[in-house]
Amino acid sequence: MFYRLSGVHHTRYETARQLWPIPADRWQVWILLALALGAPLYMADLYLTSYMLPWLVWSAAALSLTLLMGVAGQLHFGFAAVMAIGAYTSIHIARAGWPFEIALIGAGLTAAVIGCVFGAAALRVKGLYLVMATLAMQYLVDWVIINVPAISGGAQATLQTPDVTFLFVPMQGDTALYYGALLWAVIVTVLVLNIKRTSFGRALVAVRDKDYAASIIGVNSFKYKLLAFFTSSFLGGVSGAVLAFCYYQAVTPEQFGFNVSIQLVAMVLVGGLGSVIGAYLGAGFVLLAPIFLTNAMAYAAIQGWLTVSSNLLAHIPLMAYGALIIGFLLFEPLGLAKIYDNIRKYFLVWPFRHSGS
Amino acid sequence: MAYFLELLVNGALTGLMYSLVALGIVLIYKSAGVPNLAQGAMVMLSAYFIWMFTAMAGMPIFVSIGLAVVAMFAFGLLAERLLLRKMVGQPIIMIVMLTLGLEIFLRGVGPGFLGAAPKSLDLGIPLTPIIVGDVFINRDYLIGGIVAVVLIGLSLLFFRTRIGTKLRAVSDDHVSSWSVGISVERAIGISWGLAGISAVAAGALWGSVQGVDWTLSALLFPAIAVVILGGLDSIIGVLVAGLIVGILGSVIPGYVDPIVGGGTRNVVTSLIILFTIMLRPHGIFGREDIERV
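Worth saying up front: this structure is predicted, and the values here are computed from it rather than measured.

**A short note on the overall build of chain B**
Scanning chain B from N- to C-terminus turns up eleven helices and two strands. Secondary structure elements of chain B occur, N-terminal to C-terminal, as α-α-α-α-β-β-α-α-α-α-α-α-α. The buried share among the 293 residues of chain B stands at 53%. In chain B, of all internal contacts separated by at least 6 residues, the share reaching a separation of at least 24 is 76%.

**Here's the deal with the overall build of chain A**
From N to C terminus, chain A includes 15 helices and four strands. The principal-axis extents of the C-alpha atoms in chain A amount to approximately 65 × 65 × 45 Å. In chain A, which comprises 357 residues, the proportion classed as buried is 44%.

**A few points about unusual backbone geometry**
A positive phi angle is found at Gln249(A), which is not glycine, with a value near 55°. Within the secondary structure layout, Gln249(A) lies in the loop between helix H11 (221-248) and strand E4 (250-251).

**Re the interface of chain A and chain B**
Facing the 36 residues of chain A at the interface are 37 residues of chain B. Mapped by element, the contributors of at least two residues to the side of chain A that touches chain B are helix H5 (100-122), helix H6 (128-147), helix H10 (211-216), helix H12 (258-271) and helix H14 (310-331) of chain A. The element that contributes the greatest number of residues to the side of chain A that touches chain B is H14(A), accounting for twelve residues. Classifying every residue of the side of chain A that touches chain B by side-chain character gives 29 nonpolar, five polar and two charged.

**Comments concerning the environment of Met52(B)**
Of note, Met52(B) is situated in helix H2 (residues 39-56). Distance from Met52(B) to Lys86(B), taken between C-alpha atoms, is 31 Å for residues 34 residues apart in sequence.

**What about the nonpolar core?**
Counting residues in each nonpolar core, the largest one holds 203 residues, and the members touching the most others are Val57(A), Met132(A), Ala181(A) and Ala47(B). Per element, the largest residue contribution to this core is 15 residues, and it comes from helix H1 (residues 2-32) of chain B. If we skip the residues at most four places from it in the chain, Ala47(B) touches Leu121(B), Gly203(B), Ala204(B), Trp206(B), Gly207(B), Val212(B) and Leu216(B).

**Here's the deal with the packing of helix H13 (residues 276-303) of chain A against H14(A)**
All names here are of chain A. Following both chains from N to C, one finds H13 and H14 inclined at 135°, their axes separated by 9 Å at the closest point. Regarding the angle of H13 to H14, the classification is oblique. For the pair H13 and H14, the crossing hand works out as right-handed. For the pair H13 and H14, the contacting residues are Ala289, Pro290, Leu293, Thr294, Met297 and Ala298 in the first and Leu313, Ile316, Pro317, Ala320, Tyr321 and Leu324 in the second. Residue composition of the contact of H13 with H14, by class: eleven nonpolar, one polar and no charged.

**Observations concerning the environment of Leu216(B)**
When you line up the elements, Leu216(B) lands in the loop between helix H8 (184-210) and helix H9 (220-230). Excluding residues that lie within four positions of it along the chain, Leu216(B) makes contacts with Val43(B), Met44(B), Ala47(B), Gly203(B), Trp206(B) and Gly207(B).

**Considerations on the confidence of the model for chain B**
All names here are of chain B. Chain-level pLDDT for chain B is 86 on average; 98% of the residues reach the 70-or-more range. Mean pLDDT in chain B bottoms out at strand E1 (residues 130-132), which sits at 77, and peaks at H9, which reaches 91. Scored as a complex, the prediction yields pTM 0.88 and ipTM 0.84.

**A word on H8(B)**
Three or four residues apart is the spacing at which side chains of an α-helix point the same way, because the helix has 3.6 residues per turn. Helix length check: H8(B) (27 residues) gives 38 Å between terminal C-alpha atoms against 39 Å at 1.5 Å per residue, within 8%. Positive phi appears at Gly211(B), one or two residues downstream of H8(B), with a value of about 80°.

**Quick word on the packing of H14(A) against helix H4 (residues 92-114) of chain B**
Remark: H14(A) packs on H4(B), axes separated minimally by 7 Å, with the N-to-C direction vectors making an angle of 160°. With respect to each other, H14(A) and H4(B) are oriented roughly antiparallel. In the packing of H14(A) onto H4(B), the handedness of the crossing is left-handed. By residue class, the composition of the contact of H14(A) with H4(B) is 17 nonpolar, six polar and one charged.

**Some remarks on helix H11 (residues 264-279) of chain B**
Between its first and last C-alpha atoms H11(B) spans 22 Å; for 16 residues at 1.5 Å apiece the expected length is 22 Å, and the two agree. Listed in full, the buried residues belonging to H11(B) are Thr264(B), Arg265(B), Val267(B), Thr269(B), Ser270(B), Ile272(B), Ile273(B), Leu274(B), Thr276(B) and Ile277(B). The secondary structure elements touched by the buried residues of H11(B) are H5 and H6 of chain A together with H9 and helix H10 (235-260) of chain B.

Cut-offs applied
- Residues numbered from 1 in each chain as written.
- Chains lettered and ligands numbered in written order.
- Predicted model: local features only at pLDDT ≥ 70, side-chain atom pairs only at ≥ 80, totals over all residues.
- Helix = DSSP H or I, 4+ residues; strand = E, 2+ residues; numbered from the N terminus.
- Buried ≥ 20, exposed ≤ 12 C-beta atoms within 10 Å, placed from the backbone.
- Contact = placed C-beta atoms within 7 Å.
- Nonpolar A, V, L, I, M, F, W, Y, C, P; charged D, E, K, R; others polar.
- Core = buried A, V, L, I, M, F, W, Y, C linked by C-beta atoms within 7 Å.
- Axes fitted to C-alpha atoms, helices over the stretch in contact; angles between N-to-C directions.
- Parallel < 35°, antiparallel > 145°, perpendicular 65-115°, else oblique.
- Left-handed = near helix turned anticlockwise from the far one by under 90°.
- pLDDT = per-residue confidence, 0-100.
- Expected span 1.5 Å × (residues − 1).

Pasting the structure below:
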């Protein structure tokens, strides 16, 4: 149907190697971008600030993590700590009176350096041990942030974000904040898409598939693992800063706890490891599904169809989370991206169909 | 000095009670090669089971512990049959996330259906501490430590029985176990059931110490430190590493907490994990993994 391939002839390498070789994919991306750009026009403020904006920022964070976990194959269970480092660094730089642009870059660099230190320590091991080491990093960073008053502003403190301008645009009001988040999401998306088709990305994939084999064909696996940690932590740190400035407008240590790390890993896994569109789908699904379920149950309870205690209602997000992770791993290990891919492939050969399964 | 001794003794006993949680992880890893991150939630679940049988059904405590053993054995078998068996051959991240998903799910189910407020579990252990010289010893911890040592001893003996030998064979190599007629699936199921039973012991004791609520599942973190330090597939490692984690996690915070303002125990646990992984990833007694291209 609209994914028609006939008549699409790539006569030069550039056209065959472009990001979206199929015209249908291209116009879909443009429509999505137009929809995202026009969102403040047709979307109520409530939806814009409490659904669209966090979705975009969390997608950017999930993309940074998918670069590390999906493309480079290094598991990271402390990514919220990386984001926390970014958020706290940016807020301290901005409060010291420096421009917001420098605060963002500083956030990324600090997160990348600290992430790399832990990465280098942990890179002797892989798989399960890497999970445990990054888990330990999460607890250590949390503790340092809470217990060093110079960072957190004292125990149980909330640091408000100062008013900042980004490229001469004051970051106030829902629309400006939304465009800030959108800009960051677009930058990360384009970056990750391009990393996947460069030599750097191919080296990462080689390391992911088998690091010994990669070193045999001349890929310095330690260097590329470290580079993956650096890039991904940089993006994660800036995402944390964007999250703090555009969405929360304040930071507390609880915003970046261990459960947030798990949430991020869930986004990546539910979306599909290493997939860019999967990061968006996964972030949306993980953010929205518990809210939707809770609302549905609350509605059913109000209508009197079933009796739900408020206590049970409060725990539905957790249950939904666990069940989502389990369900996806059991029934669609490649995540939502695979479902999207199946649909796309169906339309690629429409009106014919693949035989078999 | 008395302060140090008290920290040391109570730390050692707490550490033994961590071993009780860690034992379940090792039992499963030893046979199935699966790191069970749901063990914390299984401890919580068994504490909830015991509480349900005593407080809601009004049964005596030891009967309800027995019933909880049955329930958790069944839970272990079911978890293996319904969840883990489908994941054979998948990459490790999938399996880790699956057990973590189970942990999160149970963390919602337990408090969600039974109420989030902490519930007390009375094992009939008197609250008065035992006083040896200047040292106060908590009776709960003492009994917990004894139970832990007994259970670890029992599991060491268990691996010398017929079923235990099969489990050891399975832990060595799945394919060759199949070829000599050992049912790998059943062996792994049994190890999950045994992990459920050790979770009941941990749940009863920890539940009586700190009450039954979701925080019981947070015991996963010290238990992970214990298994990493001791070696993921070593039962004797659980005992030794439990003592080390418990003592360090009690003595260091005992002196450092007043200076920095608390929460050092998690830091000590994290550092133990990090240093073990940096210096000797397979732990003190663990078997080193050798990988081929």
